[in-house]
Amino acid sequence: MIKYALICDQAHDFESWFATSASFEEQAKRGFVSCPVCNSIKVERAIMAPHVARTDRSKPMIEAPPPSAAPAVAAAAPEVAPVALMGEKEIALRQMLAELHRQVAENAEHVGKRFAEEALKIHHGESDSRAIYGEASLEDARMLHEEGVEFLPLPRLPDTGH
């Protein structure tokens, strides 16, 4: 997986993960990559500094204390230390995504794995026009896109599986 720093044509910067560089290029070309702030699909990779592990170090940066000093060090260390996994921007984005999921669930019909089938029926006028959500494979999404069906992939929320 590759984490890219991205920027839209409105100068909003954000990050996203892609399986490969080619995967990013293909998704961006097809309009599947959009800015979470303004929804612009004119997105490019931003300049980023690579993170490369050094292999030229023979000793670790922090040496372990001698065995006799270990109990004193352990006693001085706090039992629990606060840890931050996400910055404020990521937390705000996650909250917006959670709200998006809540809005969709409250205002659309869940059709599960029949999403592509039902979306096509609605698109062709064979079923009542209404908001729906569900699951679709990548092949189904490609087919819907080629048919001209407008849909929006919803990012999954890691904590909930939704």
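Structure first, text after, so check above.
Conventions we followed
Residues numbered from 1 in each chain as written. Predicted model: local features only at pLDDT ≥ 70, side-chain atom pairs only at ≥ 80, totals over all residues. Heavy atoms only, no water. Axes fitted to C-alpha atoms, helices over the stretch in contact; angles between N-to-C directions. Helix = DSSP H or I, 4+ residues; strand = E, 2+ residues; numbered from the N terminus. Parallel < 35°, antiparallel > 145°, perpendicular 65-115°, else oblique. Contact = heavy atoms within 4.5 Å. Nonpolar A, V, L, I, M, F, W, Y, C, P; charged D, E, K, R; others polar. Buried < 20%, exposed > 50% of the residue type's maximum accessible area, 1.4 Å probe, protein only. Polar contact = N/O pair within 3.5 Å; in protein donor to acceptor, adjacent residues only side chain to side chain. Core = buried A, V, L, I, M, F, W, Y, C linked by side-chain atoms within 4.5 Å. Pairing = 2+ DSSP bridges.

(A) Quick peek at the packing of helix α4 (residues 115–123) against helix α5 (residues 138–147). Close contact between α4 and α5 brings their axes to 10 Å; oriented N to C, the two are set at 10°. With respect to α5, the axis of α4 lies roughly parallel. Here α4 contributes Phe115, Ala116, Ala119, Leu120 and His123 to the contact with α5, which in turn contributes Asp140, Met143, Leu144 and Glu147. Taken together, the residues of the contact of α4 with α5 sort by class into six nonpolar, one polar and two charged.

(B) The side chain of Ser40, seen in detail. Tracing the backbone shows Ser40 in the loop between α1 (21–29) and β3 (43–45). The exposure class assigned to Ser40 is buried, which follows from its relative accessible area of 12%. Reaching out from Ser40, the side chain makes a polar contact with the side chain of Asp9 at a distance of 2.6 Å. Leaving out residues up to four positions away in the same chain, Ser40 has contacts with Cys8, Asp9, Val33, Ser34 and Cys35.

(C) Layout of the nonpolar core. If you look at the biggest cluster of nonpolar residues, it comprises 10 residues: Tyr4, Leu6, Cys8, Phe14, Phe18, Phe24, Ala28, Val33, Cys35 and Val43. Where this core is concerned, the elements lending two or more residues are β1 (2–8), β2 (13–18) and α1. Within the second largest apolar cluster, nine residues are counted, among which are Phe115, Ile132, Leu144 and Val149.

(D) Here's a closer look at the sheet that holds β2. Across the sheet, which stays open at both edges, the three strands sit in the order β2-β1-β3 with antiparallel pairing between neighbours. Looking at the sheet topology across the chains shown, the edges are occupied by β2 and β3. Going across the sheet, the axis of each strand differs from the next one's by a mean of 40°, ignoring polarity.

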